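# Notes for the structure review
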Amino acid sequence: MTRYILTAITLVILARPFSAVAQPAPPQPERRTITVTGEAELTMSPDRATVTIGVETWGKNIMSIKADNGKRVKSILDAVKGLGIPAKDIMTRDLSIQPEYTWKDDRREFIRYRMRNVVVITVNDLAKVEDVVNAGVNESSNILEGVTFSAKDASRLHDSLQIQAARNARSKAVALAEAVGAKVGDAITITESQTYEPRPMYAMRANAAFEDRASTPVESGQLTLRSTINIVFELK
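What you see is a predicted model, and the numbers here were worked out from it, not measured in a lab.

The rules behind each value
Residues numbered from 1 in each chain as written. Predicted model: local features only at pLDDT ≥ 70, side-chain atom pairs only at ≥ 80, totals over all residues. Heavy atoms only, no water. Salt bridge = Lys/Arg side-chain N within 4 Å of Asp/Glu carboxyl O. Helix = DSSP H or I, 4+ residues; strand = E, 2+ residues; numbered from the N terminus. Buried < 20%, exposed > 50% of the residue type's maximum accessible area, 1.4 Å probe, protein only. Contact = heavy atoms within 4.5 Å. Polar contact = N/O pair within 3.5 Å; in protein donor to acceptor, adjacent residues only side chain to side chain. Expected span 1.5 Å × (residues − 1). Arc of directions from axis to C-beta. Pairing = 2+ DSSP bridges. Axes fitted to C-alpha atoms, helices over the stretch in contact; angles between N-to-C directions. pLDDT = per-residue confidence, 0-100.

Another point: the pattern of salt bridges. Within this structure, the stated rule accounts for 13 salt bridges. For the salt bridge of Arg226 with Glu41, the shortest nitrogen-to-oxygen distance reads 2.7 Å. Of the two residues, Arg226 is situated in strand 7 (residues 223–235) and Glu41 in strand 1 (residues 33–44); the sequence distance between them amounts to 185 residues. What makes Glu41 partly exposed here is its relative accessible area of 47%. Here Glu56 ties to Arg114 by a salt bridge, and the two come within 2.6 Å at their closest N and O atoms.

Take a look at the structure:
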């Protein structure tokens, strides 16, 4: 009986897990880096414009203001299409009818309905921009939110500017590193941003009174496309 008890005790001792002592990791050398910003810029003439124009009407009879608004907007669209602007380049952006109230003797009192219909017209021939604006004004538009110019090829041009900005960033890093006796290694992080500056922008406040039907001059000016790249390089 005694022999069996000793054997069991021996097995328990052998089954105890082995606990290894973890060794501390060797200290890592501090990584030296340099952060620089590269820039590239391109100025170009725009080749596309968007005209935001519309009609706002008021009245107590909702059907009357709807009919008046629809008639005036249709006249604007017919005049614009008559200039050769295709229907696919005309988009309704804002169409709404809202009641307006006032407070009298602590009670809400109905005043009138207000209907707003605003369209965005894309003009691919800049020679027609002024004609589009004038057509809208001459057909009783009382909303002219603005004319914005852009470039159709802006996306491809921006890709090219990104590469130029990245090269500019590396050139700056090399110059700074050489000044302190170091060399530029691999790029660790790259962050890019872009700035697209259409100028000028012709705009008038909504509900302006367009009593003078004389031609409204519109100048396209120049566009500035800018790319900025922030890069962190390793120093050797």
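Topologically, Glu100 is positioned in strand 3 (residues 90–104). For Glu100, a relative accessible area of 22% gives the class partly exposed. Sequence separation of Glu100 and Lys60 is 40 residues, and the distance between their C-alpha atoms is 9.6 Å. What Glu100 contacts, discounting residues up to four positions off in sequence, is Glu109, Phe110, Ile111, Arg112 and Arg114. Separated by 3.1 Å, the side chains of Glu100 and Arg114 make a polar contact.

Bringing helix 2 (residues 62–81) into the picture now. In this model helix 2 runs 28 Å from its N-terminal to its C-terminal C-alpha over 20 residues, within 8% of the 28 Å that 1.5 Å per residue would give. Every buried residue belonging to helix 2 is among Ile65, Asn69, Arg72, Val73, Ile76, Leu77 and Val80, and all of these are buried. Mapping the buried residues of helix 2 onto a view down its axis gives an arc of 135°, with all of them on the same face. Exposed residues pointing more than 90 degrees away from the buried face of helix 2 are listed as Met63, Ala67, Lys71 and Lys74.

Our focus in this paragraph is the sheet that holds strand 4 (residues 107–123). The strand order across the open sheet formed by four strands is 3-4-2-5, and the pairing between neighbours is antiparallel. Every other strand in the sheet has two partners, leaving strand 3 and strand 5 (143–150) as the edge strands with one partner each. The average undirected angle you get between the axes of adjacent strands in this sheet is 15°. The sheet contact formed by strand 2 (residues 48–59) and strand 4 spans eleven bridges and is antiparallel. Paired with Trp58 across the two strands is Arg114, which belongs to strand 4. Running at roughly 5° to strand 2, helix 3 (residues 129–138) makes contact with strand 2, strand 4 and strand 5 of the sheet.

What follows concerns the confidence of the model for the protein. This prediction gives the protein a mean pLDDT of 83; 78% of its residues lie at or above 70. Note that pLDDT drops below 50 for residues 4–15; the model gives that stretch zero contacts with residues more than four away or on any other chain. Counted against residues more than four places away or in other chains, residues 200–213, with its pLDDT under 50, gives 36 contacts.

Okay, unusual backbone geometry next. Phi at Asp106 is positive, roughly 65°, even though this residue is not glycine. Checked against the element boundaries, Asp106 lands in the loop between strand 3 and strand 4. By relative accessible area, which is 77% here, Asp106 ends up exposed. One non-glycine residue with positive phi stands out, namely Ser140, at about 75°.

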